[in-house]
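Understanding the architecture of this molecule
Single-letter residue listing:
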Amino acid sequence: MDFSDYILLVFLGFAAGFINIFAGGGSMLVVPFLIFLGLPANIANATNRIAILFQNTVSVFTFQQKKILDLRTDYKLLFPVLLGSIAGAFTAVDIQKEILEKIIGGLLIVMFFMVGLNPNAGIRAKAEKAGNKHPLLRFFIFFAIGFYGGFIQIGVGFFLLAGLVLGCGFDLLKANAVKIFLVLSYTLIALVIFIFYDLIDWKAGLILACGNMSGAWLGTRLSIKWGATYIRYILLAALLIVALKLFGLF
């Protein structure tokens, strides 16, 4: 990477941090871009977690200040999410980078249609009707989400929002705050595993984190007043281009 690449990383991190705070999906841009810059897929996947860690630390602190997040009561889903993330991170370590690239490409196609269909609108419409699921079912749901987050991270915010609103009955603002807390928690675990296996590009990760933190700071404050719908149009074009590139179509 040269100096201009690092400048782009800062701006990309800002956009990703901003998008992640509203709903999720910033990693859809970051991980493929790191691959474009020459990082192997497994290192790009791991390096992105540094930015996620710093980004969500800023947001959790801000949501606590705004009294939207209360860690004394909002920790109850941590156990299944952390267990799942450990299994997911070890799976990501063992998988071949060529296979991981194809998985990322496939997920981006899926996320393209999820974003295009605007899943948050459906979540919002059902928020008031959602009831608490059986504890065992809720455990497996959040274990699976934790596994996915530890493994790949891309788009995990969409799944967490759906689980928190439809499975736990949270309103969207509260669900968004809890989502960020859960992602911060499992990212710590996943990052330790990736560091142990020497899969982190520290320079790229820390530069990216500077942008993510700035975007998260702004996004957290605006998320209370704004919706996330307009952001999906930015993601749609990028998702399609990146997915086609990962599949080698151009």
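Heads up: these notes are all about the structure in this document.

Reading guide: rules and limits
- Residues numbered from 1 in each chain as written.
- Predicted model: local features only at pLDDT ≥ 70, side-chain atom pairs only at ≥ 80, totals over all residues.
- Heavy atoms only, no water.
- Helix = DSSP H or I, 4+ residues; strand = E, 2+ residues; numbered from the N terminus.
- Expected span 1.5 Å × (residues − 1).
- Buried < 20%, exposed > 50% of the residue type's maximum accessible area, 1.4 Å probe, protein only.
- Contact = heavy atoms within 4.5 Å.
- 1 Å grid on protein atoms, 1.4 Å probe; cavity = no way out; pocket = protein on both sides within 12 Å on 5 of 7 lines; lining within 4 Å.
- Points joined across faces, edges and corners; volume = space filled by probe spheres on them.
- Nonpolar A, V, L, I, M, F, W, Y, C, P; charged D, E, K, R; others polar.

Describing helix H3 (residues 41–65)
When the terminal C-alpha atoms of H3 are compared, their 37 Å separation across 25 residues agrees well with the 36 Å that a helix rising 1.5 Å per residue should span. Within H3, 19 of the 25 residues are buried, which leaves it mostly tucked inside the rest of the structure. Two residues or fewer after H3 comes lysine 67, characterised by a positive phi angle close to 65 degrees.

Focus: the side chain of threonine 62
Its place among the elements puts threonine 62 in helix H3. Overall, threonine 62 belongs to the buried group, its relative accessible area being 2%. Setting aside residues up to four positions removed in sequence, threonine 62 forms contacts with Thr220 and Arg221.

A closer look at helix H4 (residues 78–94)
An α-helical turn contains 3.6 residues, so a residue and the one three or four places further along point in the same direction. Helix length check: H4, at 17 residues, gives a terminal C-alpha distance of 25 Å against a target of 24 Å (1.5 Å per residue), a fit within 8%. Those residues of H4 not exposed but buried are Leu78, Pro80, Val81, Gly84, Ser85, Gly88, Ala89, Ala92 and Val93. In this fold, the buried residues of H4 make contact with H3, helix H7 (135–151) and helix H9 (172–196).

Here's the deal with the layout of surface pockets
Counted as a void, the largest pocket has a volume near 230 Å³. As for the largest pocket, its lining consists of 11 residues, of which Thr73, Lys76, Leu77, Cys168 and Phe170 are closest to the centre. Within the lining of the largest pocket, the residues separate by chemical class into 5 nonpolar, 3 polar and 3 charged.

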